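One-letter residues, chain by chain:
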Amino acid sequence: PWTLLEDVLYHLDLGTKTHNLPAMFGDIKFVCVGGSPNRMRAFAQFMQRELGLAGAGEDVADICAGSDRYAMYRAGPVLSISHGMGIPSISIMLHELIKLLHHAKCRDVTIIRIGTSGGLGIEAGSVVITDTAVDSSFQPRFEQVVLGDVVVRSTELDKDLAEELLACSRDIPDFPTLIGHTMCTYDFYEGQGRLDGALCSFSSEKKLEYLRRAYDAGVRNIEMESTAFAALCGLCGLKAAVVCVALLDRLEGDQIRASHEVLWEYQQRPQRLIAAFIRKRLGLCPTD
Ligand SMILES: O=P(O)(O)O[C@H]1O[C@H](CO)[C@@H](O)[C@H]1O
Ligand SMILES: O=c1cc[nH]c(=O)[nH]1
């Protein structure tokens, strides 16, 4: 229905009557999303430098400045957008982003979530490329309530894209990168088996038993958006990947104690991997 008249992308502060979306976005080939607005601004600035674009080193403008929900930046063919925390927040952004790409007549777009996560049985600072996003019962499904009914959607991600990203990681030897399942939860505390929330209804033994079962099911990290991201992008025909750094090993603890400097450097790891991937796709040599 939204193809007929005007389409207002309310949370992005963009629209088909107010903006020339094909002129603004028609040449976008890569969309990168992540929770934090600052991370996504830093990523756009990093991509400007990596792609040798004019204006590199200068500030980048927030395309969604009229909305205080999400931030959006571009660097050449790369769009960088924040999505906030959790499934409801990323779902709203993705609905409007996917319509934006449709209105702008974008073709062959690859979309990647560059995020943070809690690792499972892996060293802090490791980067996990998701092969399958699973729910808190380790199933590859996303359940969405539609008109009062639970609709179950597949969370399959593009396997070739995951392998292509793993191949790119071999050129970046200074941190470990692996492929594994990513568990997506509705909460950071009890929902991820943490003992350090305001509420905790289980023992330390039960927590470890659950996390070990997750590990045995192939889960290597835990975050809060991947199932919805995989389901929505998959149904709308976008090739999608999820690449998250682990901020800690959840088998060793719950609190994130690393310094701001260490956490900022960890956040850059998925960005460096994706920059190498985009450069390779664009035919730029590693030394260009
Ligand atoms: O680092 P980002 O991309 O925000 O993602 C992770 O961090 C948040 C929790 O701290 C959750 O949204 C989780 O998915
Ligand atoms: O443990 C963690 C760390 C980051 N993000 C999460 O969702 N969980």
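Residues numbered from 1 in each chain as written. Chains lettered and ligands numbered in written order. Predicted model: local features only at pLDDT ≥ 70, side-chain atom pairs only at ≥ 80, totals over all residues. Heavy atoms only, no water.

Draft legend 1. Geometry of the packing of aromatic side chains. Inspection of every chain in the model, using the stated rule, returns three aromatic pairs. When the ring centre of Phe188 is taken as origin, the NZ or CZ atom of Arg194, which lies over that ring, is 3.8 Å away. For the cation-ring pair, Arg220 lies above Tyr215, with the distance from its terminal atom to the ring centre recorded as 3.6 Å. (Phe/Tyr/Trp six-rings, centres within 6.5 Å; stacked < 30°, edge-to-face > 60°. Lys NZ or Arg CZ within 6 Å of the ring centre and 35° of its normal.)

Draft legend 2. Region of the structure containing the UniProt feature "domain: Nucleoside phosphorylase" (unreviewed entry) in the protein chain. With numbering matched to this structure, UniProt assigns "domain: Nucleoside phosphorylase" (unreviewed entry) to residues 29-279. Taken end to end, residues 29-279 is 34% helix and 27% strand, and its two terminal C-alpha atoms sit 12 Å from one another. (UniProt positions renumbered as here; feature names shortened; annotations may be inferred. Helix = DSSP H or I, 4+ residues; strand = E, 2+ residues; numbered from the N terminus.)

Draft legend 3. Broad picture of the site of ligand 1. If you check the shell around ligand 1, you find Gly35, Arg39, Met85, Gly86, Arg113, Gly115, Thr116, Phe188, Glu223, Met224 and Glu225 and nothing else. The side chain of Thr116 places a nitrogen or oxygen atom 2.5 Å from an oxygen atom of ligand 1. Relative to its free-state accessible area of 350 Å², ligand 1 is covered by the protein chains to the extent of 86%. No other element matches strand β6 (residues 110-119), which puts three residues into the shell around ligand 1. Of the residues that constitute the shell around ligand 1, the class distribution is three nonpolar, four polar and four charged. (Near = heavy atom within 4 Å. Polar contact = N/O pair within 3.5 Å; in protein donor to acceptor, adjacent residues only side chain to side chain. Areas by Shrake-Rupley, 256 points an atom, 1.4 Å probe, with all protein chains shown as cover. Nonpolar A, V, L, I, M, F, W, Y, C, P; charged D, E, K, R; others polar.)

Draft legend 4. Representation of the site of ligand 2 in the model. What surrounds ligand 2 is the set Thr116, Ser117, Gly118, Phe188, Gln192, Arg194, Ile222, Glu223, Met224, Leu248 and Ile256. A distance of 2.9 Å is found between a nitrogen atom of ligand 2 and a side-chain nitrogen or oxygen belonging to Gln192. The separation between an oxygen atom of ligand 2 and a polar side-chain atom of Arg194 is 2.7 Å. Taken by itself ligand 2 offers 240 Å² of open surface, and the protein chains cover 93% of this. Elements represented by at least two residues in the shell around ligand 2 include exactly β6 and β11 (219-223). Element by element, the count of residues in the shell around ligand 2 is highest for β6, at three residues. The residue makeup of the shell around ligand 2, split by class, is five nonpolar, four polar and two charged.

Draft legend 5. Layout of the packing of helix α2 (residues 37-50) against helix α7 (residues 260-281). Packing of α2 against α7 leaves a shortest axis separation of 10 Å and a crossing angle of 40°. With respect to each other, α2 and α7 are oriented oblique. Where α2 crosses over α7, the two elements pack in a sense that is right-handed. From α2, Asn38, Arg39, Ala42, Phe43, Phe46, Met47 and Glu50 reach across to α7, where they touch Trp264, Gln267, Gln271, Arg272, Ile274, Ala275, Ile278 and Arg279. Its residues assigned to classes, the contact of α2 with α7 shows eight nonpolar, three polar and four charged. (Axes fitted to C-alpha atoms, helices over the stretch in contact; angles between N-to-C directions. Parallel < 35°, antiparallel > 145°, perpendicular 65-115°, else oblique. Left-handed = near helix turned anticlockwise from the far one by under 90°. Contact = heavy atoms within 4.5 Å.)

Draft legend 6. Spotlight on unusual backbone geometry. Of note in the backbone geometry, Asp108 takes a positive phi value of approximately 50° without being a glycine. Among the residues examined, Asp108 registers a relative accessible area of 69% and is labelled exposed. The phi torsion at Phe138 lies on the positive side, around 65°, for a residue other than glycine. Mapped onto the fold, Phe138 is located in the loop between β7 (127-134) and β8 (141-146). (Buried < 20%, exposed > 50% of the residue type's maximum accessible area, 1.4 Å probe, protein only.)

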